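The primary structure of each chain is shown beneath.
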Protein chains: 2
Amino acid sequence: MCFLLKCMCYMHFLGGRRRKTQTETFIPICCCFVFCRRPPKLRQISWLLFVFFSSDIEISRAQSPKAVDVLAKEIGLLTDEIEIYGQTKAKVRLSLLERLKDQPDGKYVLVAGITPTPLGEGKSTVTIGLVQALTAHLKINSFACLRQPSQGPTFGVKGGAAGGGYAQVIPMEEFNLHLTGDIHAITAANNLLAAAIDARILHENTQSDKALYNRLVPVVKGVRGFSSIQLARLRRLGINKTDPETLTEEEISRFVRLDIDPSTITWQRVVDTNDRFLRKITIGQANTEKGFVRQAQFDIAVASEIMAILALTTSLEDMKERLGKIVVANDKKGEPVTAEDLGVTGALAVLMKDAIKPTLMQTLEGTPVFVHAGPFANIAHGNSSILADKIALKLVGEKGFVVTEAGFGADIGMEKFFNIKCRASGLVPSVVVLVATVRALKMHGGGPSVSAGAPLKKEYTEENLQLVADGCCNLQKQIQIAQLFGVPVVVALNVFKTDSPAEVDLVCKIAKQSGAFDAVPCNHWSDGGRGAVKLAQAVEKAANQKSSFKYLYSLELPIAEKIKTIAQKVYGAQDIELSPAAQSQIDRYTRQGFGKLPICMAKTHLSLSHQPEKKGVPTGFILPISDVRASIGAGFIYPLVGTMSTMPGLPTRPCFYDIDLDPVTEEVKGLF
Amino acid sequence: MCFLLKCMCYMHFLGGRRRKTQTETFIPICCCFVFCRRPPKLRQISWLLFVFFSSDIEISRAQSPKAVDVLAKEIGLLTDEIEIYGQTKAKVRLSLLERLKDQPDGKYVLVAGITPTPLGEGKSTVTIGLVQALTAHLKINSFACLRQPSQGPTFGVKGGAAGGGYAQVIPMEEFNLHLTGDIHAITAANNLLAAAIDARILHENTQSDKALYNRLVPVVKGVRGFSSIQLARLRRLGINKTDPETLTEEEISRFVRLDIDPSTITWQRVVDTNDRFLRKITIGQANTEKGFVRQAQFDIAVASEIMAILALTTSLEDMKERLGKIVVANDKKGEPVTAEDLGVTGALAVLMKDAIKPTLMQTLEGTPVFVHAGPFANIAHGNSSILADKIALKLVGEKGFVVTEAGFGADIGMEKFFNIKCRASGLVPSVVVLVATVRALKMHGGGPSVSAGAPLKKEYTEENLQLVADGCCNLQKQIQIAQLFGVPVVVALNVFKTDSPAEVDLVCKIAKQSGAFDAVPCNHWSDGGRGAVKLAQAVEKAANQKSSFKYLYSLELPIAEKIKTIAQKVYGAQDIELSPAAQSQIDRYTRQGFGKLPICMAKTHLSLSHQPEKKGVPTGFILPISDVRASIGAGFIYPLVGTMSTMPGLPTRPCFYDIDLDPVTEEVKGLF
């Protein structure tokens, strides 16, 4: 193909743009006709059309994934350690951890980002590009561990996730749809617990102690006995009896009544759909519910505490224990009521027994990926599962690399990764890769606002070294945050076609001056692993540094002190301000014995502060804590810095307008 | 083992009882010690303990299922025709139908039942016992096609399904839990459509025509274009334009506004959980929904029209078409608003693309089973999928048998199987197996009432030939109903240990006198396929009869006439009485062009009439039709005979009290 065409293709690709207009595509073809001695051949035109028109799903589909059993064999899994789901997905059994328990772990790399624009700066593509570079180009075993995306936004505003361009997980439609059913399992478990709460309140409110007791402990074939769940409850109540006939009236009353205070219920129902009309609802209005109406809400499924539990659990036994510890409400005396009190722990564990196994997929270059768990990054910790990381660390071997990403900017996702996830797993991170873009840095340097759907202003498409230089304060601050934890930082500059060489050089220079171990430009979106080879080399070097990893705070500190530590040291706040509600919740949780849990801040990701419009490095602000909540099963306290939406909506023109299925080829269209 | 022990075991087993008390188990062991010359060996005692204590799940687990790829090979599936889900489940691709299109179909057997007691009379066990007898004992290729059970009742009142005793689908925990995710896919599709309705109403109510148009048809990179979904809508509106700039203001208004009348919305949200507090709710109460509150409800997932569509569809193309035709409400002019109008057809098809493939499992004796779709038997037609039946009929070959079951009594499930399912599939049934029990016949003969949980009265545990003889009128009537369709009937008497030989003989005699081709006692619950060999032989003979299958009514008849035909000829009603609401709905559907659809009666299954307490063969009653609704995508009109609950509740002591997971062995406990 003529040189001119090749150059144009390359330049076009470099831009990392997702959809091309007709004009953009045909200009190079026309140029070729006009300037070259001979017109391009039909095959060349077809290739060109593909390259220019191709969306993420088309790139994904153009590459046939290898059969998942072949992939599993390549990475050393035994036949009975995988459960195949179709041709391209498999669940991996936890028994592997036992088999490989004496194998040393590989290096553990976290991909985090600077404070992003609303468009996102490409952490997922960097994660995938990096493992593609490590495995396929540097021949070092590596694994990417990613979050499973919620299905709601796929049909709503955001569209599909899975990386993008030539740094993708494939098949991307599998990644974005039901996958292996984990989110559906979470939905089922979450909603069974919710149904159990309201049904229990109704039954307690409409029956005498005796009637309740007769139903809860029925005579079956002449014999009356407690179930093991009920015996456990008796023990918790301090009633050391096993014969149902021997309980006193007072003991029966304590046993049969959870006495839930409906106004304290924090457990919400969930759906994996963007359904804004379920944000606030009134339930129980049918006659059969006898007037016990109350206000409630549905959250999106990934906001369920069970998702956070899945992400933080370390074994089936641990998961069951965490499920049982979930606090759903207080009783009328102010004591916590748990899933275990409702007798539903076993059922929840049964519903989650397959979801606990990570799902194996592959990148566009055939390297292994685990997709497992995807908790919210505000009301939860926004990191994929500990189990996937642990299994991957064994599989890659001592010299291998496991790369995982944390949601939002480093001030949120990375801080939670270290203080919550690493604390739960005991794993020690080797390197932080901090993703930056010239676009986001310009915004922090005072560039005009950036919003989804609106065209980018010229400041972002033309060279502007001053904006870049001014914005690097955010990059510097995020590097410093990582250094608080004693982990070396490699800055990955995700290059767009509009970035000038001078801008790219400037960012890398400032990054290194700010304490980064290294800073490299990356072109993985257009070039796949090849575009991230320099990053991979830098990460490999950084991983050989001695890590002096430490947590930011001791769990022994009072809740308010822990919040203050994060606010001051990480966000740069002057102080925090607790609302009376927040203070009262802190007092309650401390009294209930939950004071020694880590903190999971629910704050905007669009600023280091609580105000999304404050870019760069805001200082001197007081961080307002409006409320404090707890996910006891997951194991953290989450202070609310402002209101967090836990249910996205559908816009006027949702993504589903472009999504279609070809009934003949069975191909999915329009899932970008 | 001593003869005495063997006899006792056998008698005990024959009873078909699910759980044994300690006394019941230890008596035979003690007898053995007392009456026999030598005590039983340890191995014998262990076996005895297993036999006596074993629940359905324990029997299920005691038999290791063969690997599903082995099973698939045995029945002639090619490697690329299956998608394996774990070790014991696989989805089968529809491409098989194309490959085997010239292969003649096997015989098509429907298992239906007499009017049941609330305890159920064992249609599923007969279905499984019959295929076990055909395949494993008579060496005739056969396939069972079953409904997927809803997960809600598994944790609620009913517990698990999957047949029972030695006539089960295994592993029963897989059958009863997520399976291959079909019900979750239905939930996701159903709720996306529901969210789209309310979001659309909100957006239309808060935006001008112009604003809506700009958002629905945005300028992307300087170009404005309709999506293919929007072009289709324009064509439906009679606007033959493709350039968004050329529409008149009036055309824009018609294009952007669906003008849904919220009071006419019939599309409800669903969850696969027994959540009674969602039976009637108010939605849209958050400030973000700007006051557009309305009353709504959640149904259990299997009540979704999308489940009925899955059961009735014949191809991916047909499913997509049916999904698009779903009517969700009327507009303010009284015209139907469809899923296609909301632009969501493609997304629904994408969500359902895997669910359309039947799931392959196996019986306890290793014979193949398809589990696919499980629509309600009242507001829908209560039959498993056409696609599973079609594929199975090809796989068994001309001399083979496919056995499927219809929900409820034959007056409902079988009538709908013939008039709705067979009409949609074009398949011709060969034989009806009508399941009866002495227990149910005694109830119809005037025995005391039977209810779940309460001990059976002595009339049911002692011989009473008069009650049996009197109750056989119901059996006779159900045989006659099958004969209306020209299909031979074999009566399968599901024998309990309390049935006397004289009772068994009497039922078989009366059945044959009433026109059954044959009538045989079955012991499949205790003996597996061996206990249903006689039934299998009778079915094989009956299938060689010439079938003169015909539908009960012509689709050309007016809606009310079709309802009347079913009421009079099947239920034995004197006439029907339409409420004003029902009449007005009939008029509306007729006007909207839906008058030629078949009828799906939503009636109690506990009586041939509309009154559950009227047993035997009620006569002279007027069937009241309180309302008439439509599932246009599924393709039927459903008249309501009384109120139908579409959301079960959790009782005071739900099944989940006994359900647990062993975190070490990963075994599920307590799923009966």
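Residues numbered from 1 in each chain as written. Chains lettered and ligands numbered in written order. Predicted model: local features only at pLDDT ≥ 70, side-chain atom pairs only at ≥ 80, totals over all residues. Heavy atoms only, no water.

Looking at an unreviewed UniProt entry, one finds chain A named formate--tetrahydrofolate ligase and attributed to Phasianus colchicus. The record held by UniProt for chain A lists under Pathway (unreviewed entry) the comment "One-carbon metabolism; tetrahydrofolate interconversion." Looking at chain A in UniProt, the text filed under Subunit (unreviewed entry) is "Homodimer." (UniProt positions renumbered as here; feature names shortened; annotations may be inferred.)

Undergrad: Run through the overall build of chain A, naming residues and quoting values.
TA: Each helix and strand counted, chain A has 25 helices and 26 strands in total. Here the C-alpha radius of gyration of chain A, 27 Å, is about what a compact globule of 672 residues would show, namely 26 Å. Each of the three principal axes of chain A carries a C-alpha extent, and together these read 100 × 60 × 55 Å. In chain A, which comprises 672 residues, the share counted as buried stands at 63%. The contacts of chain A with a sequence gap of at least 6 include a subset with a gap of at least 24, amounting to 75%. About 24200 Å² of surface is accessible on chain A, with carbon and sulfur atoms providing 53% of the total. Within chain A, one finds 77 positive and 66 negative side-chain charges whose respective centroids are separated by 3 Å. (Helix = DSSP H or I, 4+ residues; strand = E, 2+ residues; numbered from the N terminus. Rg over C-alpha atoms; globule rule 2.2 N^0.38 Å. Buried < 20%, exposed > 50% of the residue type's maximum accessible area, 1.4 Å probe, protein only. Contact = heavy atoms within 4.5 Å. Areas by Shrake-Rupley, 256 points an atom, 1.4 Å probe, with all protein chains shown as cover. Lys, Arg positive; Asp, Glu negative; His and termini not counted. Charge placed at Lys NZ, Arg CZ, Asp CG, Glu CD.)

Undergrad: So, the nonpolar core: which residues are in play, and what are the values?
TA: In terms of nonpolar packing, the biggest core is built from 430 residues, with A:Leu475 and B:Leu475 touching the most fellow members. If we skip the residues at most four places from it in the chain, B:Leu475 touches B:Ile114, B:Leu434, B:Ala436, B:Leu441, B:Val491, B:Val507 and B:Ala511. (Core = buried A, V, L, I, M, F, W, Y, C linked by side-chain atoms within 4.5 Å.)

Undergrad: Could you give an account of the relation of the copies chain B and chain A, naming the residues involved and the relevant values?
TA: Between the two copies of this chain, the relationship is a rotation about some axis together with a displacement along it. Overlay of chain B on chain A (RMSD 0.0 Å): rotation 180°, translation along the axis 0.0 Å. The transformation just described matches what one would write down for a two-fold rotation axis. Measuring from the rotation axis to each C-alpha of chain B, the shortest distance belongs to B:Tyr85, at 2.1 Å. In this assembly, 100% of the residues forming the interface of chain B have copies in chain A that are likewise at the interface, indicating an isologous arrangement. (Least-squares fit on C-alpha atoms with pLDDT ≥ 70 in both.)

Undergrad: Help me get a handle on the interface of chain B and chain A, residues and values and all.
TA: On the side of chain A, 85 residues touch chain B, which itself brings 85 residues to the contact. Where chain B abuts chain A, roughly 7800 Å² becomes buried across the two surfaces, and 64% of that area is made up of carbon and sulfur atoms. The largest share of the area that chain B buries against chain A comes from B:Phe277, B:Thr652 and B:Tyr657, three residues that together contribute 11% of it. Summed over the shared surface of chain B and chain A, the result is 10 salt bridges. The residue A:Glu174 makes a salt bridge to B:Lys353 at a minimum N-O spacing of 3.3 Å. Applying the counting rule to chain B against chain A returns 40 residue pairs in polar contact (both at pLDDT 80 or more). (Buried area = accessible area lost by both parts, 1.4 Å probe. Salt bridge = Lys/Arg side-chain N within 4 Å of Asp/Glu carboxyl O. Polar contact = N/O pair within 3.5 Å; in protein donor to acceptor, adjacent residues only side chain to side chain.)

Undergrad: Let's hear about the domain arrangement of chain A: which residues, and what values?
TA: Residue and element names in this part refer to chain A. Domain annotation of chain A identifies domain 1 (56-180 + 355-544), domain 2 (183-352) and domain 3 (559-640). The straight-line distance from the C-alpha centre of domain 1 to that of domain 3 is 27 Å. Contact with domain 1, which involves 25 residues of that partner, is made by 22 residues of domain 3. Summed over both sides, the interface between domain 1 and domain 3 buries roughly 1900 Å², with carbon and sulfur atoms accounting for 70% of that surface. Ranking the residues of domain 1 by area buried against domain 3 places Ile379, Ile420 and Lys477 at the top, with a combined share of 25%. Where Lys603 meets Asp411, a salt bridge forms, and the shortest distance between an N and an O atom there is 3.2 Å. (Domains from an automatic or database assignment.)

Undergrad: I'd like to hear about the environment of A:Gly225, residue by residue, with values.
TA: All names here are of chain A. Its location among the elements puts Gly225 in the loop between β8 (223-224) and α12 (228-236). Since its relative accessible area comes to 36%, Gly225 is described here as partly exposed. Sequence separation between Gly225 and Glu245 is 20 residues, and the spatial gap between their C-alpha atoms is 9.0 Å. Gly225 has contacts with Val217, Pro218, Gln230 and Pro244, leaving out every residue within four places of it along the chain.

Undergrad: Which residues make up the pairing of strand β6 (residues 167-170) of chain B, and what values do they have?
TA: All names here are of chain B. Alternating residues of β6 divide into Ala167 and Val169 and Gln168 and Ile170, and every residue in both groups is buried. Note: strand β5 (residues 163-164) against β6, two bridges, orientation antiparallel. What sits directly across from Gly164, in β6, is Ala167. Hairpin remark: β5 followed by β6, antiparallel, with two residues in the connecting loop; positive phi at Gly165, about 55°. Across two bridges, the pairing between β6 and strand β15 (residues 359-363) is antiparallel. Bridge pairing in β15 links Val169 to Thr363. (Pairing = 2+ DSSP bridges.)

Undergrad: Summarise the packing of helix α24 (residues 559-571) of chain A against helix α25 (residues 580-591) of chain A; cite the residues concerned and give the values.
TA: Residue and element names in this part refer to chain A. Put simply, α24 and α25 touch, their axes get as near as 10 Å, and they point 125° apart. The pairing of α24 with α25 is recorded here as oblique in orientation. In this structure, α24 contributes Ile559, Ala560 and Ile563 to the contact, and α25 contributes Ile586, Tyr589 and Thr590. (Axes fitted to C-alpha atoms, helices over the stretch in contact; angles between N-to-C directions. Parallel < 35°, antiparallel > 145°, perpendicular 65-115°, else oblique.)

Undergrad: How would you sum up the packing of aromatic side chains? Please name residues and give values.
TA: Tallying each qualifying case throughout the model produces 24 aromatic pairs over all chains. Relative to B:Phe418, the ring of B:Phe417 has its centre 5.6 Å away and its plane inclined at 65°; by these criteria the two rings are edge-to-face. As far as burial versus exposure is concerned, B:Phe417 and B:Phe418 are alike and both buried. Through successive ring pairs, a cluster of aromatic residues spans A:Tyr108, A:Phe417, A:Phe418, A:Phe485, A:Phe549 and A:Tyr551. The ring of A:Tyr571 carries A:Lys603 above its face, with NZ or CZ at 4.6 Å from the centroid. (Phe/Tyr/Trp six-rings, centres within 6.5 Å; stacked < 30°, edge-to-face > 60°. Lys NZ or Arg CZ within 6 Å of the ring centre and 35° of its normal.)

Undergrad: Mind laying out helix α14 (residues 305-312) of chain A, listing which residues take part and the relevant values?
TA: Residues and elements named next belong to chain A. In terms of residue burial, α14 counts as a mostly covered element, since eight of its eight residues are buried. Every buried residue belonging to α14 is among Glu305, Ile306, Met307, Ala308, Ile309, Leu310, Ala311 and Leu312, and all of these are buried. On its buried face, α14 sits against α10 (182-206), α15 (316-325), α17 (386-396), α18 (410-425), β23 (627-631) and β24 (636-640). N-capping of α14 is provided by Ser304, with a side-chain oxygen placed 3.0 Å from the backbone N of Ile306.

Undergrad: Describe the pattern of salt bridges, naming the residues involved and giving the relevant values.
TA: This model, assessed by the stated rule, comprises 74 salt bridges over all chains. Across the pair A:Glu503 and A:Lys442 runs a salt bridge whose closest N-O atoms are separated by 2.8 Å. On the criterion of sequence distance, the pair formed by A:Glu503 in helix α21 (residues 501-513) and A:Lys442 in helix α19 (residues 438-444) is long-range, its members being 61 residues apart. Beyond isolated ion pairs, a larger network of salt bridges with shared partners links A:Glu83, A:Arg93, A:Lys353, A:Asp354, A:Lys357, B:Lys89 and B:Glu174.

Undergrad: I'd like a rundown of the pairing of strand β22 (residues 622-625) of chain A, residues and numbers included.
TA: All names here are of chain A. Here β22 shows one buried face, formed by Leu623 and Ile625, and one open face, formed by Ile622 and Pro624. Bridging between strand β21 (residues 575-578) and β22 involves four bridges; their strand directions are parallel. From the neighbouring strand, Glu577 faces β22, where its bridge partner is Pro624.

Undergrad: Describe the environment of B:Val220, listing the residues and the values that go with them.
TA: Residues and elements named next belong to chain B. Within the element layout of this structure, Val220 appears in strand β7 (residues 219-220). Owing to a relative accessible area of 44%, Val220 belongs among the partly exposed residues under this scheme. Between the C-alpha atoms of Val220 and Pro153, which are 67 residues apart in sequence, the distance is 49 Å.

Undergrad: How would you sum up helix α18 (residues 410-425) of chain B? Please name residues and give values.
TA: Residues and elements named next belong to chain B. Over its 16 residues, α18 extends only 19 Å from the first C-alpha to the last, a length that falls short of the 22 Å expected when each residue adds 1.5 Å. The axis of α18 is deflected most strongly, by about 35°, at Phe417. Among the 16 residues of α18, 15 are classified as buried, and the element is accordingly described as predominantly covered. In the segment just after α18, Gly426 is the residue with positive phi, at about 75°. (Expected span 1.5 Å × (residues − 1). Bend = angle between axes of the 7 residues up to and from the residue.)

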